[in-house]
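Residues per chain are reported as follows:
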Amino acid sequence: MIFDRVWLDANLCTMVPRDGDPLGAIEDGAIAAKDGRIAWVGRRADLPGQAAETRACDGAWILPGLIDCHTHLVFAGDRAREFEMRLEGASYEAIAKAGGGILSTVRATRDASEDALVNAALPRLDQLLAEGVTTIEVKSGYGLDLATEARMLRAARRLPGLRDVSLQTSLLAAHATPPDYAGRTADYARHVAEDIVPAIAAENLADAVDAFTDSAIGFTAEQTAWVFDAAQRAGLRTKLHADQLRDDGGAALAARYGALSADHIEYASPEGIAAMARAGTVGVLLPGAFYFIRETHFPDVAAMRAAGLRMALATDLNPGSCPAPSLLLMLNMGCTLFRLTVAEALAGVTTHAAAALGLADRGALAPGLRCDLALYGISRPAELCYWIGRNPCLGRVVAGR
């Protein structure tokens, strides 16, 4: 076979467990690509065939392209003033109830044009790509009306035309109750289910539907179910902001709907975690938000391990509770704050992150998968979790390019 491209003189972190090594490491390895997919992976000495183009990697480590499976990348404005308020003692919940939080970003985003949203998102996206991210999920949720939610999703869908990145979009209209529905959360949830979800699906603007289940500042399990039922009728998968500030049964609700993921889950019960594992729902841990809002209730990682739950890691990049466009930082935080192992953290931004988006064609270095690669100037994969504020990424490969 003549390959399109071969990367030689590399160390491979395949994320395909082998011989007791959860990272599936191959030293002095090679990767060959054909038609945008991985055609061969193994020791360089065993490489078959020839290549139209060969790249020497000078001993770099190659990982699957990183996947940020939970972001709110598209928004307008910032919430630096609320950061000051939190430092002065106000809680995230108190700020939200006072009209700040999500609603302050809603006002700025409703006033922004689609071009303005794209231009604001690009520098944040560039920071993620510079670290080796090749796939990203982007949520709406700062419009809370059909026109702005659609505008946010259209802006997100334009980004792959401007940068080499694969992108998934999630409709998060059920993020908060907008001012025009103040005191009528149930009415707004019905509006999302009956009007916004079908309209967004008709325009093919979303790959999934998300919601924020929280009995105090979000939506009840019953109201979320209305939105998820609408998503299923529209043929869209579901995701859920679940059990971030209290146990509202979000993990179990996500499992009941076979959601792709339940995210945050700091307060998820062992029973809810076990239900997620049985349903195949991925648990997405967001240590950046945990750190930024100074949460003290840790997710029950021991219960997740015991249940065999797949754990992903993501930035939760957003203007209010995690203004952090760095997935490498989340690797360190996942290990230091949540006590993940290096193997768990790296799976969290590769194989398990892919599962959280329903993407079976990436997240590992294996024949047949999409050839998305990230190259790093490191001596061992653990360095990606060890360093704070260092970016050793040497380059990316997206679909074999």
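What comes next is a walk through the structure. (Residues numbered from 1 in each chain as written. Predicted model: local features only at pLDDT ≥ 70, side-chain atom pairs only at ≥ 80, totals over all residues. Heavy atoms only, no water.)

Before going further, it helps to spend a moment on the side chain of Asp 214. Structurally, the position occupied by Asp 214 is in the loop between strand E11 (208–211) and helix H7 (221–233). On the basis of relative accessible area, Asp 214 is assigned to the buried category, the value being 1%. Only 3.1 Å separates the side chain of Asp 214 from the side chain of Arg 246, close enough to count as a polar contact. Among residues more than four places away in sequence, those in contact with Asp 214 are Phe 219, Leu 245, Arg 246 and Asp 248. (Helix = DSSP H or I, 4+ residues; strand = E, 2+ residues; numbered from the N terminus. Buried < 20%, exposed > 50% of the residue type's maximum accessible area, 1.4 Å probe, protein only. Polar contact = N/O pair within 3.5 Å; in protein donor to acceptor, adjacent residues only side chain to side chain. Contact = heavy atoms within 4.5 Å.)

The terminal C-alpha atoms of helix H6 (residues 185–202), which comprises 18 residues, lie 25 Å apart, in line with the 26 Å expected from a rise of 1.5 Å per residue. Along H6, the helix axis deviates most sharply at Val 192, where the bend reaches about 40 degrees. The inward-facing, buried residues of H6 contact helix H5 (146–158), strand E10 (166–174), E11 and H7. Just downstream of H6 lies Asn 204, where phi reads positive at about 55 degrees. (Expected span 1.5 Å × (residues − 1). Bend = angle between axes of the 7 residues up to and from the residue.)

Moving on, we come to the packing of H6 against H7. Where H6 contacts H7, the two axes come as close as 9 Å, and the packing angle between them is 5 degrees. Comparing the axis directions of H6 and H7 gives the class roughly parallel. Along its contact with H6, which presents Thr 185, Ala 186, Ala 189, Arg 190, Val 192, Ala 193 and Val 197, the element H7 presents Gln 223, Trp 226, Val 227, Ala 230, Ala 231 and Arg 233. Here the residues of the contact of H6 with H7 are counted per class, giving 9 nonpolar, 2 polar and 2 charged. (Axes fitted to C-alpha atoms, helices over the stretch in contact; angles between N-to-C directions. Parallel < 35°, antiparallel > 145°, perpendicular 65-115°, else oblique. Nonpolar A, V, L, I, M, F, W, Y, C, P; charged D, E, K, R; others polar.)

Our next topic: the pattern of salt bridges. Scanning the model with the defined rule gives 26 salt bridges in all. Between Arg 362 and Asp 361 there is a salt bridge; the shortest N-O distance is 2.8 Å. Judged by its relative accessible area of 10%, Arg 362 is buried. Take Asp 361: its relative accessible area is 22%, and that puts it in the partly exposed class. The network of salt bridges with shared partners includes Arg 5, Glu 53 and Arg 55. (Salt bridge = Lys/Arg side-chain N within 4 Å of Asp/Glu carboxyl O.)

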